[in-house]
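Residues per chain, in single letters:
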Amino acid sequence: MTLQEALHQGTKLLEDARIPAPRLTAEVLLVHAVQCRREWLYSHSTDELKELWWIHYGRYLHERIEGKPTQYITHVQEFYGRPFRVSPAVLIPRPETEHLVEAVLSRSINDGPVIDVGTGSGAIAVTLALESKVPVFASDLSHEALQIARANASALGASVQFTQADLLAGIAARSMQMVVSNPPYVPLTEREGLAREVREHEPHVALFGGEDGFVLYGCLIAQAALVLRPGGWLLMELAYNGATRVQQMLELGGCWTAIELIPDLAGYPRVIAASLRRSAA
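Here we summarise the structure given alongside this text. Just so you know, these numbers come straight off a predicted model, no measurement behind them.

About the cut-offs
Residues numbered from 1 in each chain as written. Predicted model: local features only at pLDDT ≥ 70, side-chain atom pairs only at ≥ 80, totals over all residues. Heavy atoms only, no water. Salt bridge = Lys/Arg side-chain N within 4 Å of Asp/Glu carboxyl O. Helix = DSSP H or I, 4+ residues; strand = E, 2+ residues; numbered from the N terminus. Buried < 20%, exposed > 50% of the residue type's maximum accessible area, 1.4 Å probe, protein only. Core = buried A, V, L, I, M, F, W, Y, C linked by side-chain atoms within 4.5 Å. Contact = heavy atoms within 4.5 Å. Arc of directions from axis to C-beta. Axes fitted to C-alpha atoms, helices over the stretch in contact; angles between N-to-C directions. Parallel < 35°, antiparallel > 145°, perpendicular 65-115°, else oblique. Left-handed = near helix turned anticlockwise from the far one by under 90°. Pairing = 2+ DSSP bridges. Nonpolar A, V, L, I, M, F, W, Y, C, P; charged D, E, K, R; others polar.

## What to know about the pattern of salt bridges
Then, number 1: Enumeration over the complete set of coordinates arrives at 13 salt bridges.
Then, number 2: Across the pair Glu131 and Arg82 runs a salt bridge whose closest N-O atoms are separated by 2.7 Å. Of this pair, Glu131 sits in helix H7 (residues 123-131) while Arg82 sits in strand E2 (residues 82-85), and the two are 49 residues apart along the sequence.
Then, number 3: Overall, Glu131 belongs to the partly exposed group, its relative accessible area being 36%.
Then, number 4: Classification of Arg82 by relative accessible area gives buried; the value is 17%.
Then, number 5: A single salt-bridge network, built from bridges that share partners, covers Arg196, Arg199 and Glu200.

Next comes the structure, spelled out in structure tokens:
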């Protein structure tokens with residue numbers, strides 16, 4: 001069997017299993033099995049598929065058909081133009097989270113330290129460290145997630161200080177200029193409606209934000225008001241339907257100003273930003 005034939009066969013298997021983007025997925029898995037670049041695969045399409053390559057490729061196809069996300073098979077997901085290592089210990093970084101990074105970078109990030117809460121793979125923290133010159137901190141409750149995040153920071157040459165903590169626990173009062181987070185926001189009541197790949201493979205602690213999806217927002221808002229400097233910023237990613245509720249939380253808190261909803265490319269509010277009133281300190 002040639003590499004081209006293997007690609008066609010893999011595509012057909014994924015199509016029959018109703019896996020999204022079957023051709024692209026087959027290509028990614030074959031490249032991973034052969035350990036080559038995409039360009040090499042196509043320039044050697046008539047080469048014979050070696051037995052070892054077929055063993056790996058067959059296993060990867062089986063795992064994908066069984067619902068395992070492609071990123072957990074290849075252990076890589078691109079974010080902000082950089083490759084990040086991922087595992088089932090961390091949420092797979094999504095393209096929409098890049099809106100959160102952009103919102104942070106547009107708000108005088110050079111004024112002081114930033115902390116990424118619930119860092120997971122470290123995608124946000126590492127990106128901010130590489131795109132700015134400020135000290136970047138990151139926290140996560142999961143020891144396994146922090147191992148992945150540290151490995152990504154090391155591989156990409158980013159200076160990030162990691163700490164194992166529940167949200168902002170242990171962070172000194174008035175020590176941060178920005179608190180950034182993509183918190184768990186999926187309601188537990190919507191668990192069964194999630195895609196199989198998400199429901200069965202991604203870490204639930206990084207997905208679910210309580211029965212209604214807003215538990216972590218309330219905790220973050222309260223804790224950020226303590227660790228931020230006056231005039232500092234809190235920025236959080238939002239669920240598709242979370243804007244109104246989170247905005248109300250901030251307004252009821254009484255210590256936030258300049259509250260802004262930032263849309264994604266589809267026009268939906270994706271990020272919320274708020275500044276700590278100077279009188280709140």
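## Quick word on the nonpolar core
Then, number 1: The biggest cluster of nonpolar side chains holds 34 residues, and the ones touching the most others in it are Leu168, Val179, Leu228, Leu234, Met236 and Trp256.
Then, number 2: Counting residues per element, the ones that place at least two in this core are strand E3 (114-117), strand E6 (176-181), helix H11 (215-227), strand E7 (228-237), helix H12 (243-253) and strand E9 (269-276).
Then, number 3: Here this core takes 7 residues from H11, the largest share from any one element.
Then, number 4: Discounting chain neighbours no more than four positions away, the residues touching Leu228 are Arg174, Met176, Gln177, Met178, Val179, Trp233, Leu234, Trp256 and Leu276.

## Comments concerning H12
Then, number 1: Restricting attention to buried positions, one finds in H12 the residues Ala243, Val246 and Leu250. Taken down its axis, H12 places every buried residue within 80° of arc, on the same side. Every exposed residue of H12 that faces more than 90 degrees away from the buried side is listed here: Thr244 and Leu252.
Then, number 2: Contacts made by the buried residues of H12 are with H11, E7, strand E8 (256-263) and E9.
Then, number 3: Of the residues one or two after H12, Gly254 is the one with positive phi, at around 80°.

## Examining the packing of H11 against H12
Then, number 1: In the contact formed by H11 and H12, the axes pass within 10 Å of each other and the chain directions differ by 30°. Classified by the angle between their axes, H11 and H12 sit roughly parallel to one another. For the crossing formed where H11 meets H12, the hand is right-handed. Side by side, H11 and H12 meet where Tyr217, Gly218 and Ile221 of the first sit next to Val246, Met249 and Leu250 of the second.

## Let's talk about the sheet that holds E8
Then, number 1: Pairing in this open sheet of 7 strands is mixed, and the strands run E5-E4-E3-E6-E7-E9-E8 from one edge to the other. Because the sheet does not close on itself, it has two edges, and the strands there are strand E5 (160-164) and E8. Averaged over all pairs of adjacent strands, the angle between their axes in this sheet comes to 20°, without regard to strand direction.
Then, number 2: Strands in contact with H7 are E3, strand E4 (136-140), E5 and E6; relative to E4, the strand with the most contacts, it is inclined by about 175°.
Then, number 3: Across the sheet, H11 lies against E3, E6, E7, E8 and E9, angled at about 160° from E7, the strand it touches most.

## Side note on the pairing of E6
Regular strands place their side chains on alternate faces of the sheet.
Then, number 1: Within E6, 6 of the 6 residues are buried, which leaves it mostly tucked inside the rest of the structure.
Then, number 2: Pairing of E6 with E7, which is carried by 5 bridges, proceeds in the parallel orientation. From the neighbouring strand, Met176 faces E7, where its bridge partner is Leu228.

## A closer look at unusual backbone geometry
Across residues other than glycine, the phi torsion is negative in most instances, and most of the peptide bonds are trans.
Then, number 1: For His75, which is not glycine, the phi torsion reads 65° and is therefore positive.
Then, number 2: Of note, His75 is situated in the loop between helix H5 (70-74) and strand E1 (76-79).
Then, number 3: With a relative accessible area of 26%, His75 lands in the partly exposed category.
Then, number 4: If you check the backbone angles, Leu167 has positive phi at about 55° while not being a glycine.
Then, number 5: As for its position among the elements, Leu167 is in the loop between E5 and E6.

## Here's the deal with the packing of helix H1 (residues 3-16) against helix H2 (residues 22-34)
Then, number 1: At a minimum axis separation of 8 Å, H1 and H2 run at an interaxial angle of 130°. Looking at the two axes, H1 sits oblique to H2. The interaxial crossing formed by H1 with H2 has right-handed handedness. Of the residues in H2, those in contact with Leu3, Leu7, His8, Gly10, Thr11, Leu14 and Glu15 of H1 are Pro22, Arg23, Thr25, Ala26, Glu27, Leu30 and Val34.
Then, number 2: Within the contact of H1 with H2, the residues separate by chemical class into 7 nonpolar, 4 polar and 3 charged.

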